[in-house]
Amino acid sequence: MVRACDSARVNANPMNTPNFLDRYFSISARGSTVGQEVRGGFATFFTMAYIVVLNPLIIGTVADKTGQFLGDGENPNIALVAAATAFVAGILTIIMGVFGRVPFALATGLGLNAFLAFGIASQMSWEDAMGLVVLEGIVIAILVVTGFRVAVFHAIPAQLKTAISVGIGLFIALIGFVDAGFVRRMPDASNTTVPVKLGALGNGSLTGWPTLVFVVGLLVTAFLVARRVKGAILIGIVGTTVLAMIVEAVGKIGAQVPDGSNPNGWSLNVPEWPKNFIELPDLSLLGQFSLFGSFAKIGGLAAVMFVFTLMLADFFDTMGTIVGVGRQANLVQEDGTVERTKEILLVDSLAAAAGGAASVSSNTTYIESAAGVGEGARTGLASIVTGVLFLLAMFFAPLTEIVPFEAATPALVVVGFLMMTQVKEIDFSDFETAIPAFLTIVLMPFTYSITAGIGAGFVSYIAIKVFRGKARELHFLMWLVGALFVVYFALEPIKTLLGLG
């Protein structure tokens, strides 16, 4: 009787009742804590903060057809693009945290921004090009609201979804090695059968202090992860950055330069103590887009083709990221679906339109969110932390520029390993599924494209089923998606046939 009374008093104690924050984000239910979410939010931010610097270098340094740069200037304005990039990433990531309630961060999509800069803006003004991005986002949002995008997401076989996750793991590991300079592109691949090489010399020898910093950071981070140390990835990033600052202070190494005169220098940022800590952001770039201006400039058919291309790449890159990061966060259910899929996809779709409206290119869910998940993040609270840090980055831009690739990329390699461990869930004795899964996995890093890997997996899966007389097993949406991928891969011949090439 005493025990029953004691139990009643414990259950009635409000201190033992989950608070609103815990209930809303399901922190305890997902096996997380507020501390884990905060650490995860920081880890994700530091892993993907490079986009605040990298996006301006891609879209801010390219003139459109009229000769103008973003912001209608005759010269690049990197600070203008950086401020808008951080602002949009911060707002959208917070919205994902509050509405999607998952640890997914958003920012300008790499690949999409390059296509926009070099493939679209060269044929029209930047305002017109950004208008196409807004249209693409609106179309995808409609597909989400009508349930079509979620239906496609659920129609994909579970093992192909696992292959997507594994492929992304290899992809981000390769990104880490390349961005750190550990693996480098051959300057003239036409004279050799080797497209990439180890180190600056390409003879199997690693040179340069930045490369050593990367190696030390990778070994230390891997050791911390192996020992299950809490905050291992974040500790690795911060510790490696401190080491890089010490090395730079002593050695005065400097940055890599485009002419190749300092191949052993730092990439992206030189880890020096900044001269200025706070800068007021200029957000005048927001709203500089023309929704239908491109139709008048290049014609309706060409504009529709551009929107279609943007939509395909955005559509499936996001799907792969959600599956990969969601599986790592234990958010994927037994049937292969992800919790709150519709909400996640809706935020991601609106992010594409918002990125165009802010003139920073389409925003999308980032695979670097896996770094935060690796730190234990399981809920949207981590995304709110990441989003707030992006907003702060607008004011403390100099601080975000002291982390070189060599200090941030060890985290990507380790996270790539963590995602790669899921390969055991693929039944490689079933060749009908194993071959498409294999193509999905290997083509992502080999082509440097998540979309290419997913497309190859889908098309080969459908083809094998048809050749084996099992076409009836295919969901009708798989047929539709497969056809779209065929169009995607054959886009250049189609444009030539239509006189658009």
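Residues numbered from 1 in each chain as written. Predicted model: local features only at pLDDT ≥ 70, side-chain atom pairs only at ≥ 80, totals over all residues. Heavy atoms only, no water.

J.: It is not clear to me how the overall build of the protein should be interpreted in this structure. Could you clarify?
T.: When its secondary structure is counted, the protein shows 22 helices and four strands. Radius of gyration (C-alpha) of the protein: 23 Å, near the 23 Å computed for a compact globule of 501 residues. Projected onto the principal axes, the alpha-carbon positions of the protein cover approximately 85 × 65 × 50 Å. A separation of at least 24 residues holds for 79% of the contacts in the protein among residues at least 6 apart in sequence. Carbon and sulfur atoms make up 66% of the accessible area of the protein, which totals about 21300 Å². (Helix = DSSP H or I, 4+ residues; strand = E, 2+ residues; numbered from the N terminus. Rg over C-alpha atoms; globule rule 2.2 N^0.38 Å. Contact = heavy atoms within 4.5 Å. Areas by Shrake-Rupley, 256 points an atom, 1.4 Å probe, with all protein chains shown as cover.)

J.: Just to check I follow, could you spell out the pattern of salt bridges for this structure?
T.: Enumeration over the complete set of coordinates arrives at seven salt bridges. Residue Arg-327 pairs with Glu-425 through a salt bridge whose shortest N-O separation is 3.3 Å. Highlighted residues: Arg-327 in helix α13 (residues 300-328) and Glu-425 in the loop between α18 (405-420) and α19 (431-447), separated in sequence by 98 residues. One salt bridge in this structure joins Glu-432 and Lys-465, with 3.0 Å as the shortest N-O distance. One end of the pair, Glu-432, is in helix α19; the other, Lys-465, is in helix α20 (residues 450-467), with 33 residues separating them in the sequence. When salt bridges with common partners are traced through the structure, they connect Glu-432, Lys-465, Arg-468, Lys-470 and Glu-473 into a single cluster. (Salt bridge = Lys/Arg side-chain N within 4 Å of Asp/Glu carboxyl O.)

J.: How should I be thinking about α20 in this particular structure?
T.: Quick reminder: α-helices carry 3.6 residues per turn. Residues three or four places apart thus point the same way. Compared with the 26 Å implied by 1.5 Å per residue over 18 residues, the 26 Å span of α20 between its first and last C-alpha is a close match. Of all 18 residues that make up α20, 14 are buried, and the element is covered over most of its length. (Expected span 1.5 Å × (residues − 1). Buried < 20%, exposed > 50% of the residue type's maximum accessible area, 1.4 Å probe, protein only.)

J.: Sorry, what's going on with the packing of aromatic side chains here?
T.: The geometry of an aromatic ring pair is captured by the separation of the ring centres together with the interplanar angle, meaning the angle of the planes. Scanning the model with the defined rule gives twelve aromatic pairs in all. An angle of 75° between the planes, with centres 6.0 Å apart, marks the rings of Phe-177 and Phe-214 as edge-to-face. In this pair, Phe-177 is assigned in helix α9 (residues 158-179) and Phe-214 in helix α10 (residues 209-226), connecting sequence segments 37 residues apart. Using a relative accessible area of 21% as the deciding quantity, one classes Phe-177 as partly exposed. The aromatic ring of Tyr-24 is capped on one face by Arg-101, whose charged end is 3.8 Å from the ring centroid. (Phe/Tyr/Trp six-rings, centres within 6.5 Å; stacked < 30°, edge-to-face > 60°. Lys NZ or Arg CZ within 6 Å of the ring centre and 35° of its normal.)

J.: So what exactly am I meant to see when it comes to the environment of Ser-28 here?
T.: By secondary structure assignment, the location of Ser-28 is in the loop between α2 (20-25) and α3 (34-48). Remark: the alpha-carbon pair of Ser-28 and His-475, spanning 447 residues in sequence, is separated by 37 Å. Here Asp-22 takes part through its side chain, which lies 2.5 Å from a polar atom of the side chain of Ser-28. (Polar contact = N/O pair within 3.5 Å; in protein donor to acceptor, adjacent residues only side chain to side chain.)

J.: How should I be thinking about helix α16 (residues 380-395) in this particular structure?
T.: Compared with the 22 Å implied by 1.5 Å per residue over 16 residues, the 24 Å span of α16 between its first and last C-alpha is a close match. Within the span of α16, buried status applies to Gly-380, Leu-381, Ala-382, Ser-383, Val-385, Thr-386, Gly-387, Leu-389, Phe-390, Ala-393 and Met-394.

J.: Can you help me understand the environment of Tyr-488 in this one?
T.: Within the secondary structure layout, Tyr-488 lies in helix α21 (residues 476-489). Between the C-alpha atom of Tyr-488 and that of Leu-285, which follows or precedes it by 203 residues, the distance is 31 Å.

J.: How should a nonpolar patch on the surface be read in this particular structure?
T.: Taken together, Trp-209, Leu-212, Val-216, Val-220 and Leu-243 make up a surface patch of nonpolar side chains, about 420 Å² in accessible area. No other element matches α10, which puts four residues into the nonpolar patch. Its location among the elements puts Val-220 in helix α10. (Patch = residues over 30% accessible without salt bridge, like charges linked within 9 Å, V, L, I, M, F, W, Y side chains within 5 Å.)

J.: Explain the packing of helix α11 (residues 232-251) against α18 here, please?
T.: Each pair of packed helices can be described by the angle between their axes along with the distance between the axes. Running from N to C, α11 and α18 cross one another at 155°; their axes reach a closest spacing of 7 Å. One element, α11, and the other, α18, form an angle in the roughly antiparallel class. The crossing of α11 and α18 is right-handed. Two secondary-structure elements touch here, α11 through Ile-233, Ile-237, Thr-240 and Thr-241 and α18 through Glu-406, Ala-407, Ala-411 and Val-415. (Axes fitted to C-alpha atoms, helices over the stretch in contact; angles between N-to-C directions. Parallel < 35°, antiparallel > 145°, perpendicular 65-115°, else oblique. Left-handed = near helix turned anticlockwise from the far one by under 90°.)

J.: Explanation requested: the confidence of the model for the protein in the structure shown.
T.: The predicted coordinates of low-pLDDT regions are not to be read in fine detail. With 91% of its residues at a pLDDT of 70 or more, the protein has an overall mean of 84. Ranking the elements of the protein by mean pLDDT puts helix α1 (residues 2-12) last with 42 and α16 first with 95. Here residues 1-15 is modelled with pLDDT under 50, and outside its nearest four sequence neighbours on either side it reaches one contact, counting other chains as well. (pLDDT = per-residue confidence, 0-100.)

J.: I would appreciate a short explanation of unusual backbone geometry in the present structure.
T.: Comment: phi is negative for the bulk of residues other than glycine, and the bulk of peptide bonds are trans. The backbone phi angle of Ser-26 is positive, close to 55°, even though this residue is not glycine. As for its placement among the helices and strands, Ser-26 is situated in the loop between α2 and α3. Despite not being glycine, Arg-228 shows a phi value in the positive range, around 60°. Checked against the element boundaries, Arg-228 lands in the loop between α10 and α11. For Arg-228, a relative accessible area of 76% gives the class exposed.

J.: So what exactly am I meant to see when it comes to the packing of α10 against α18 here?
T.: It is at 8 Å that the axes of α10 and α18 come closest, and there the two elements cross at 40°. Accordingly, the angle class assigned to the pair α10 and α18 is oblique. The hand of the α10/α18 crossing is right-handed. Between α10 and α18, the contacting residues are Pro-210, Val-213, Phe-214, Gly-217, Leu-218, Thr-221, Ala-222 and Val-225 on the first element and Glu-406, Thr-409, Pro-410, Val-413, Val-414 and Leu-418 on the second.

J.: What should I look at first to understand the nonpolar core in this one?
T.: The tendency in soluble globular proteins is for nonpolar side chains to be buried side by side. Judged by nonpolar contacts, the single largest core of 99 residues is most densely connected at Ile-59, Ile-120, Trp-126, Leu-132, Ile-168, Ile-454 and Phe-458. Examining the composition of this core, we find that ten residues originate from one element, α13, more than from any other. Within the second largest apolar cluster, eight residues are counted, among which are Ala-180, Leu-218, Val-413 and Val-414. (Core = buried A, V, L, I, M, F, W, Y, C linked by side-chain atoms within 4.5 Å.)

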